[in-house]
Amino acid sequence: MHVEEAEAIQERLRAEVDLTGPGPADPATVAGLDVAYAEDGARLAAAVTVLDARTLALVDSAVVTGRPAFPYVPGLFAFRELPALEAALDRLTVRPEVLICDGHGLAHPRRFGLACHLGVVTGLPALGVGKTPLVGTWEPPAPERGAWTDLRDGTETVGRVLRTQAGVKPVFVSVGHRIGLDNASSLVLRLAPRYRLPETTRQADRLCRDALAGRRP
DNA sequence: GCGACAG
DNA sequence: ATCTTGTCGC
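Definitions and cut-offs
Residues numbered from 1 in each chain as written. Chains lettered and ligands numbered in written order. Predicted model: local features only at pLDDT ≥ 70, side-chain atom pairs only at ≥ 80, totals over all residues. Heavy atoms only, no water. Near = heavy atom within 4 Å. Polar contact = N/O pair within 3.5 Å; in protein donor to acceptor, adjacent residues only side chain to side chain. Nonpolar A, V, L, I, M, F, W, Y, C, P; charged D, E, K, R; others polar. Helix = DSSP H or I, 4+ residues; strand = E, 2+ residues; numbered from the N terminus. Contact = heavy atoms within 4.5 Å. UniProt positions renumbered as here; feature names shortened; annotations may be inferred. Buried < 20%, exposed > 50% of the residue type's maximum accessible area, 1.4 Å probe, protein only. Salt bridge = Lys/Arg side-chain N within 4 Å of Asp/Glu carboxyl O.

K.L.:
Please explain the protein's contact with DNA strand B as it appears in this structure.
P.N.:
For DNA strand B, the set of nearby residues contains 16 residues, the closest of which are Tyr72, Phe77, Asp102, Lys131 and Thr132. In DNA strand B, atoms within 4 Å of the protein come 49% from sugar and phosphate. Here a base nitrogen of DNA strand B and a backbone polar atom of Gly75 are 3.1 Å apart. Leu114 is positioned with one of its backbone polar atoms (N or O) 3.1 Å from a base nitrogen of DNA strand B. Across the surface near DNA strand B, the residue classes tally to seven nonpolar, seven polar and two charged.

Structure representation (structure tokens):
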């Protein structure tokens, strides 16, 4: 796989992204996906955790270890983690209603970030939560929890800069597939009652780190 | 041409 | 992503 092919795949698959309708406003189950890398970068662990959206209780999870499928290239990040994340998703026994991805969706140079890609290949509603920006400009949201501003790239709104905790650096929420920005944002806020990142992401992060360290749950 | 650049 | 030293706070 080369950069040119990867970009061509993105250009082709982005036509499959469904941006119609508000999508799920009150899903019963939500999945968090994350990947951890070994120090030398030769090995990785991908984890998916499924939580009850109301109680945030863990209802299912899966982890797989493997190798990065592509070098890290900004804009082609999905090609690095997608195979392992799909393998982890295949191991779930329950099908989550929304995927919460660690990275961006539409807030991407070609409007096809990891969240869009995962949404298209799984057919599931998906959204992205990035910790740092990839594209776009924004004004800092007010300091209180729940405050937000538009993330814009040129004339388009590609996401939202959302303050999930008062006085803490905001996160970058963008739509991936089959969910609108309003529902995506309110869902992320609900999933982050105490920390900056949604519980889905936090639990997946812990799970893949533990798996990499060779720990047995 | 020079930076910037999800994880 | 991961490493990295100390620091502030519950």
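Resuming the write-up.
K.L.:
Looking at this structure, how should I read the environment of Leu56?
P.N.:
Following the sequence through the fold, Leu56 ends up in the loop between strand E2 (44-52) and strand E3 (58-66). It is 8.9 Å that separates the C-alpha atoms of Leu56 and Thr29, two residues lying 27 residues apart in sequence. Discounting residues that sit within four places of it in the chain, Leu56 has contacts with Leu51, Arg190, Leu191, Pro193, Glu199 and Gln203.

K.L.:
Explanation requested: the UniProt feature "site: Interaction with target DNA" (unreviewed entry) in chain A in the structure shown.
P.N.:
Residues given the UniProt feature "site: Interaction with target DNA" (unreviewed entry) here are Tyr72. The topology assignment puts Tyr72 in the loop between E3 and helix H2 (78-90). Contacts of Tyr72, omitting those with residues within four sequence positions, involve Phe77 and Arg80.

K.L.:
Can you walk me through the UniProt feature "binding site: Mg(2+)" (unreviewed entry) in chain A in this structure?
P.N.:
Residues given the UniProt feature "binding site: Mg(2+)" (unreviewed entry) here are Asp34 and Asp102. The annotated residues occupy 69 residues of the chain but converge on a single region, no pair of C-alpha atoms lying more than 5.9 Å apart. The residues touching Asp34, leaving out its near neighbours within four places in the chain, are Ala45, Ala46, Ala47, Leu85, Asp102, Ala204, Asp205 and Cys208. With respect to the element layout, Asp102 can be found in strand E4 (residues 98-102).

K.L.:
Is there a simple way to think about the side chain of Arg111 in this case?
P.N.:
Turning to its location among the elements, Arg111 is positioned in the loop between E4 and helix H3 (114-122). With relative accessibility at 16%, the residue Arg111 sits in the buried group. Polar side-chain contacts of Arg111 include one of 2.5 Å to the backbone oxygen of His108. A distance of 3.1 Å separates a polar atom in the side chain of Arg111 from a polar atom in the side chain of Glu156.

K.L.:
Which parts of the structure should I look at to understand the pattern of salt bridges?
P.N.:
Scanning the entire structure with this criterion turns up ten salt bridges. Between Arg54 and Asp26 there is a salt bridge whose closest N-O contact spans 2.4 Å. Highlighted residues: Arg54 in the loop between E2 and E3 and Asp26 in the loop between helix H1 (3-13) and strand E1 (29-37), separated in sequence by 28 residues. Taking the relative accessible area as the measure of exposure, Arg54 reaches 64% and is therefore exposed. Across the pair Glu199 and Arg202 runs a salt bridge, and its minimum N-O distance is 3.2 Å. Here Glu199 pairs with Arg202, and both are found in helix H5 (residues 199-212), just three residues apart, close to one helical turn. Judged by its relative accessible area of 33%, Arg202 falls in the partly exposed class.

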